[in-house]
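# Residue-level structure breakdown
So you can see what is in the structure, the chains are spelled out below.
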Amino acid sequence: MNDALRPRPASPLVEVVDGRFAVHGVRLLLKRDDLVHPELPGNKWRKLAPNLRAAVDGGRPALLTFGGAYSNHLRATAAAGRLLGLPTVGVVRGEELAGRPLNDSLARCAADGMRLHFVSRQDYRRKAEPEVLARLLREAGAAEAYVIPEGGSNALALRGCRELGRELRGMGDVVAVACGTGGTLAGLAAGLAPGQRALGVPVLAGGFLGAEIRSLQAAAFGGPAGDWTLAEGFAHGGYARVPAELDDFAADFESRHGLPVERIYVAKLLWALTALAECGTFARGTTLTAVITGRP
């Protein structure tokens, strides 16, 4: 087995003492999944590893996936391809970006060997339609590639994230995670023990995630799995938006606890949990576990 695909030891679970939670009788634990893999941290490892094994076992010549210009998933897939020695193709939303200098995120993808293929926003929206997907694969010169969906969320990915839930059985009454496509929450909830609840904090506005999570669980597990809810209203203007107040909050959390806080997902999660604790959402005596899915 390629070293990049070997199972990883469970990531650390640490308690932090924070007066904003303690004053309400809430105990705060951090699941340091950002430490689970040196180059594929957190939910990226959980979701990608099962798909990478399927691609390698199936003899596929390349990996192809989708993302926007600042996609963490694109970067993780590019890094995974480099580790495996497997070519990668990133289909990037926005054909207008093709003629511009690469931002830091896409430059990292290219440095890891990913070939970037820019498409129109209209085609990108329709990428799940079989005929559109087939055309995009042909145009990208990757008709035989193993396709990983945007954000990495599919049935295999959910089974990988279920292992995260199993690692946390009995480790918290409420286990909270930031959500992009919903796959991590969908798998996490399935792995938790009865009596535990998974709480998702969407980093995009729109209220669409509930239906998406139900659909993902049906594909992976045949139906609903676990107890989960969503805490909407903490998107801070949308994906990749980091207003000054959120940045200040994250910097303060870093100073208090010596933890580097990733801004796009983790900062929004920690902000939401702090706000929910302050308004009494969690009963006194609750142990709250926050999954740290990535690092800056």
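You'll find the structure just up there.
Read on for an overview of the structure. (Residues numbered from 1 in each chain as written. Predicted model: local features only at pLDDT ≥ 70, side-chain atom pairs only at ≥ 80, totals over all residues. Heavy atoms only, no water.)

This paragraph deals with the packing of aromatic side chains. Taken as a whole, this structure holds 4 aromatic pairs when the rule is applied. A ring pair is formed by phenylalanine 66 and tyrosine 124, whose centres lie 6.3 Å apart and whose planes are at 75°; its orientation type is edge-to-face. Taken together, the positions of phenylalanine 66 in strand S3 (residues 63-67) and tyrosine 124 in helix H5 (residues 121-125) put the pair 58 residues apart, joining distant regions of the chain. Accessibility expressed as a relative area gives 4% for phenylalanine 66, which makes it buried. Here a set of aromatic residues connected by ring pairs shows up, and it is made of Phe249, Phe253 and Trp271. The ring of tyrosine 124 carries arginine 93 above its face, with NZ or CZ at 5.2 Å from the centroid. (Phe/Tyr/Trp six-rings, centres within 6.5 Å; stacked < 30°, edge-to-face > 60°. Helix = DSSP H or I, 4+ residues; strand = E, 2+ residues; numbered from the N terminus. Buried < 20%, exposed > 50% of the residue type's maximum accessible area, 1.4 Å probe, protein only. Lys NZ or Arg CZ within 6 Å of the ring centre and 35° of its normal.)

A few words now on the packing of helix H8 (residues 183-191) against helix H9 (residues 209-221). It is the contact of H8 with H9, at a shortest axis distance of 9 Å, that shows an interaxial angle of 55°. By the angle between their axes, H8 is oblique relative to H9. Classified by chirality, the crossing of H9 by H8 is right-handed. Here Gly183, Leu185, Ala186, Gly187, Ala189 and Ala190 of H8 lie close against H9, whose contacting residues are Ile213, Leu216, Gln217 and Phe221. Each residue belonging to the contact of H8 with H9 can be placed in one class, and the counts come to 7 nonpolar, 3 polar and no charged. (Axes fitted to C-alpha atoms, helices over the stretch in contact; angles between N-to-C directions. Parallel < 35°, antiparallel > 145°, perpendicular 65-115°, else oblique. Left-handed = near helix turned anticlockwise from the far one by under 90°. Contact = heavy atoms within 4.5 Å. Nonpolar A, V, L, I, M, F, W, Y, C, P; charged D, E, K, R; others polar.)

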